[in-house]
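Understanding the architecture of this molecule
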Amino acid sequence: MASYVAPALREKFETLSVELKNAILERDVRIEDIHDLIRVLEDIVAEAEN
């Protein structure tokens, strides 16, 4: 499965750093709304803290 970012969120997604965008895309996630994006970001933060 390839990651997907809904067109409505593309502008917000593009404001993230290249490293963060790559970390999100490597997860093979489907980001349909802002809540999906927040969830993925929270997962990344939680993993970094462990």
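Up top is the structure.
Residues numbered from 1 in each chain as written. Predicted model: local features only at pLDDT ≥ 70, side-chain atom pairs only at ≥ 80, totals over all residues. Heavy atoms only, no water.

Here's the deal with the packing of aromatic side chains
Selection criterion: Here is the rule: rings of Phe, Tyr and Trp (six-membered ring for Trp) pair when centre to centre is within 6.5 Å. Planes less than 30 degrees apart are stacked, more than 60 are edge-to-face, and the remainder are tilted. Charges are assigned to positions over rings by a cutoff of 6 Å between ring centre and Lys NZ or Arg CZ, combined with an angular limit of 35 degrees from the ring normal.
One pass over the full model with this rule turns up 0 aromatic pairs. The ring of Y4 has R30 sitting right over it, with the charged end atom 4.2 Å from the ring centre.

Quick notes on the nonpolar core
What counts, and what does not: For this analysis, a nonpolar core means a set of buried residues of the types Ala, Val, Leu, Ile, Met, Phe, Trp, Tyr and Cys, connected via side-chain atoms within 4.5 Å. Burial classes: relative accessible area under 20% of the type maximum marks a residue as buried, over 50% as exposed, and values in between as partly exposed (1.4 Å probe, protein chains only). The helix count covers DSSP runs of H or I at least four residues long, the strand count covers runs of E at least two residues long, and both are numbered beginning at the N terminus. For this analysis, residues touch if any pair of their heavy atoms sits within 4.5 Å.
If you look at the biggest cluster of nonpolar residues, it comprises 10 residues: V5, L9, F13, L16, I24, V29, I31, L37, V40 and I44. Where this core is concerned, the elements lending two or more residues are α1 (7-14) and α3 (34-49). Among the elements that line this core, the one with the most residues is α3, at 3 residues. The residues touching I31, leaving out its near neighbours within four places in the chain, are Y4, V5, A6, L9, I24, D36 and L37.

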